[in-house]
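Report on the structure
Each chain, letter by letter, is given below.
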Amino acid sequence: MSAGDLKMEAQKAAARKLAFAARKLAFAAGQGQAGALLADYLAPYRGLALAGYMAMRSEADPIEAMRLHQGPVCVPVIVGAGQALRFRQWTPGCEMVMGEFGAQIPAEGAWIEPEVLIVPLVGFDARGYRLGYGGGFYDRSLAGLRARRGAVAVGFGFAAQELAEVPIDDYDQRLDAMVTELGVLRFG
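Reference entry: report on the structure contained in this document. Only a predicted model underlies this, so the values are computations on that prediction, with no experimental measurement involved.

Thresholds, definitions, all that
Residues numbered from 1 in each chain as written. Predicted model: local features only at pLDDT ≥ 70, side-chain atom pairs only at ≥ 80, totals over all residues. Heavy atoms only, no water. Helix = DSSP H or I, 4+ residues; strand = E, 2+ residues; numbered from the N terminus. Contact = heavy atoms within 4.5 Å. Expected span 1.5 Å × (residues − 1). Buried < 20%, exposed > 50% of the residue type's maximum accessible area, 1.4 Å probe, protein only. Pairing = 2+ DSSP bridges. Axes fitted to C-alpha atoms, helices over the stretch in contact; angles between N-to-C directions.

What follows concerns the environment of V116. Mapping V116 onto the fold places it in strand β6 (residues 116-119). Those residues in contact with V116 that sit more than four places away from it in its chain are L42, Y45, L48, A49, L50, A51, V152 and V154.

Look at helix α1 (residues 3-29): 40 Å from first C-alpha to last across 27 residues, which is about the 39 Å you get at 1.5 Å a residue. Turning to α1, its buried residues number three or more, namely M8, K12, A15, R16, A19, A22, R23 and A26. Where the residues of α1 are buried, they touch β7 (123-124) and β8 (130-131). At the C-terminal side of α1, G30 shows a positive phi close to 95°.

A separate point is the sheet that holds strand β9 (residues 152-156). Across the sheet, seven strands lie side by side as β3-β2-β1-β6-β9-β10-β11; this open sheet has mixed pairing. Strands at the two margins of the open sheet, each flanked by one partner only, are β3 (86-89) and β11 (183-186). Bridge analysis of strand β1 (residues 50-51) against β6 gives two bridges, and the strand direction is parallel. Paired with A51 across the two strands is L117, which belongs to β6. Across the face of the sheet, helix α2 (residues 34-42) comes into contact with β1, β6, β9, β10 (177-180) and β11 while running at roughly 150° to β10.

Quick look at the structure:
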């Protein structure tokens with residue numbers, strides 16, 4: 001790793017520490033109407049394949065919007081380090097098993113290429129950049145999906161997770177919108 005890469009990693013680690021602390025406090029207060037706001041934002045995308053996620057720890061939970069979506073829904077599956085995510089079909093009540101990093105994934109189901117993605121995050125900024133967990137899974141996945149079909153990325157979290165500025169590099173993918181318990185931010 002170059003000195004620049006090490007500096008970027010240190011900046012991202014410091015930002016993650018702040019954002020995790022803010023998210024933990026916000027989670028304890030509850031997500032309010034965030035799920036309903038997310039479902040409303042996604043309504044115009046009915047019929048398109050939607051990728052949600054199974055919330056872990058203190059993540060905002062998109063399950064309400066996933067259940068209400070009128071179209072196929074899938075969740076991410078980590079297939080290996082340094083690789084893009086794959087997405088397996090999810091339906092309410094389907095059998096779930098433990099996947100990588102403790103994420104619940106469907107035990108079986110069709111592989112789907114999503115057109116709209118609800119993206120979990122540690123932090124975000126007013127420019128539309130997100131701070132993830134550091135594995136690059138969503139950035140790789142979004143880059144590939146956008147190159148093939150112009151996928152839409154919707155961040156989902158708590159307003160308290162907003163940072164002054166997310167440290168970014170050439171690989172970071174921008175969100176199209178961010179939904180929190182306080183409303184929707186759209187990025188140009």
